[in-house]
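This is what each chain is made of:
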Amino acid sequence: MTRALILGGTSDANALAAEIARAGLDAIYSYGGRTSAPAGQPLPTRTGGFGGVSGLADYIRQKGITHVVDATHPFAAEMSRNAVAACTETETPLVALERAPWVKAAGDHWIEVADIAAAVAALPETPACIFLAIGRQHIAPFSERPQHAYTLRFVDPPEGALPFEADVIVSRGPFTLKSELEMLQSRRIAWIVARNSGGDGARAKIDAGRALDLPVIMISRPQLPERPRVESVVEVMAWLGHRACLGA
């Protein structure tokens, strides 16, 4: 019998959970625990970390997991690395459901950098209004450039003080091109800092930046160990040995 573990927290993982539930397959959905009110799922769920590679390996054994699907955010590098190591240790099949990265298009003004530190270094010296679209776990290094006026957007209100003064938007996507244009213009944003997460749900800010001729500091995805990878729910269902009929 198949019993899948979905490492989730993304819209792709949510779509997969819905399809697995429709198919009547046995699966557990795991949240990392960084969002205080995660979206409800049609599958049994768990929240929080596993305790590293050994903890995840123990969980796989204890719960009788036969397949693991890494559908975490493309920048959840530690969880993805742990999944590869734990599945290798337990000899459990693993596949990554990973959306394709965004590709620079005509009219884009990207400054492509390797990591957060490089993104901080790429900011201008002259004070400017900056939209940091990078999640709350990665904003502290930008305190090195206090001359800028930062706008941040979080799913949940920030807990405790931020490392610098900022305009904070609390909102859950996906966002439309119209709303992103309005947000950027109303706050006089001159630069966007974004991670290349790919997909459609977060793309509107990139399209809005192109429309407004704004420079975008684009942070490349982290390097991960080799693993099987697919880009669609249909491909995951086939990997699980089930024919998907999306929308049925």
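In this text, all values refer to a predicted model and were calculated from it rather than measured experimentally.

Enquirer: Mind showing me how you'd approach the side chain of T10 here?
Expert: One can find T10 in the loop between β1 (3-7) and α1 (11-23). Reaching out from T10, the side chain makes a polar contact with the backbone nitrogen of A13 at a distance of 3.1 Å. A distance of 2.7 Å separates a polar atom in the side chain of T10 from the backbone oxygen of A71. Residues contacting T10, with those up to four places away along its chain left out, are Y29, A71, T72, H73 and R99.

Enquirer: Help me understand the sheet that holds strand β3 (residues 45-47), please; the structure alone is not making it clear to me.
Expert: Strand pairing in a sheet is mediated by backbone hydrogen bonds. Such pairs are either parallel or antiparallel. If you trace the 6 strands from one edge of the open sheet to the other, you get β3-β2-β1-β4-β5-β12, paired in parallel fashion. Two strands in the sheet have a free side with no partner beyond their single neighbour: β3 and β12 (229-230). Bridging between β1 and strand β4 (residues 67-70) involves 4 bridges; their strand directions are parallel. Among the inter-strand pairings, L5 is bridged to a residue of β4, identified as V68.

Enquirer: What's the story with the environment of V170 in this structure? I'm lost.
Expert: In this fold, V170 is placed in strand β9 (residues 166-170). Here V170 is in contact with F154, V155, D156 and P157, once residues within four sequence places are set aside.

Enquirer: Help me understand the pairing of strand β7 (residues 129-133) in this model?
Expert: On a regular strand, one side chain projects to one face of the sheet and the next to the other, so that they alternate. Of all 5 residues in β7, 4 are buried; the element is thus mostly enclosed. Where β7 lies against strand β8 (residues 149-154), 4 bridges are found, and the strand directions are parallel. Of the residues in β8, the one forming a bridge with C129 is A149. The pairing of β7 with strand β10 (residues 191-195) spans 4 bridges and is parallel. Paired with L132 across the two strands is V193, which belongs to β10.

Enquirer: Explain the packing of aromatic side chains to me, please; I cannot follow it from the model alone.
Expert: Two aromatic rings are characterised by how far apart their centres lie and by the angle between their planes. Tallied over the entire structure, the rule returns 4 aromatic pairs. Geometrically, the ring pair formed by F50 and Y59 is edge-to-face, given 5.2 Å between the ring centres and 65° between the ring planes. Both residues of the pair, F50 and Y59, count as buried. Plain terms: the ring middles of F142 and Y150 are 6.2 Å apart, the flat faces sit at 70° to each other, and that makes the pair edge-to-face. Overall, F142 belongs to the buried group, its relative accessible area being 0%. The class for Y150 is buried, based on a relative accessible area of 3%. Put simply, the rings of F142, Y150 and F164 pair up and form one aromatic cluster. One Lys or Arg, R46, reaches over the ring of F50 and ends 3.9 Å from the middle of that ring. Lying across the ring of F175, R153 places its NZ or CZ 3.7 Å from the centre.

Enquirer: Looking at this structure, I do not really get the environment of A149. What am I missing?
Expert: Position of A149 among the secondary structure elements: in strand β8. Separated by 16 residues in the primary sequence, A149 and E165 place their C-alpha atoms 7.9 Å from one another. For A149, the residues in contact, after removing those within four places along its chain, are A128, C129 and I130.

Criteria and cut-off values
Residues numbered from 1 in each chain as written. Predicted model: local features only at pLDDT ≥ 70, side-chain atom pairs only at ≥ 80, totals over all residues. Heavy atoms only, no water. Helix = DSSP H or I, 4+ residues; strand = E, 2+ residues; numbered from the N terminus. Polar contact = N/O pair within 3.5 Å; in protein donor to acceptor, adjacent residues only side chain to side chain. Contact = heavy atoms within 4.5 Å. Pairing = 2+ DSSP bridges. Buried < 20%, exposed > 50% of the residue type's maximum accessible area, 1.4 Å probe, protein only. Phe/Tyr/Trp six-rings, centres within 6.5 Å; stacked < 30°, edge-to-face > 60°. Lys NZ or Arg CZ within 6 Å of the ring centre and 35° of its normal.

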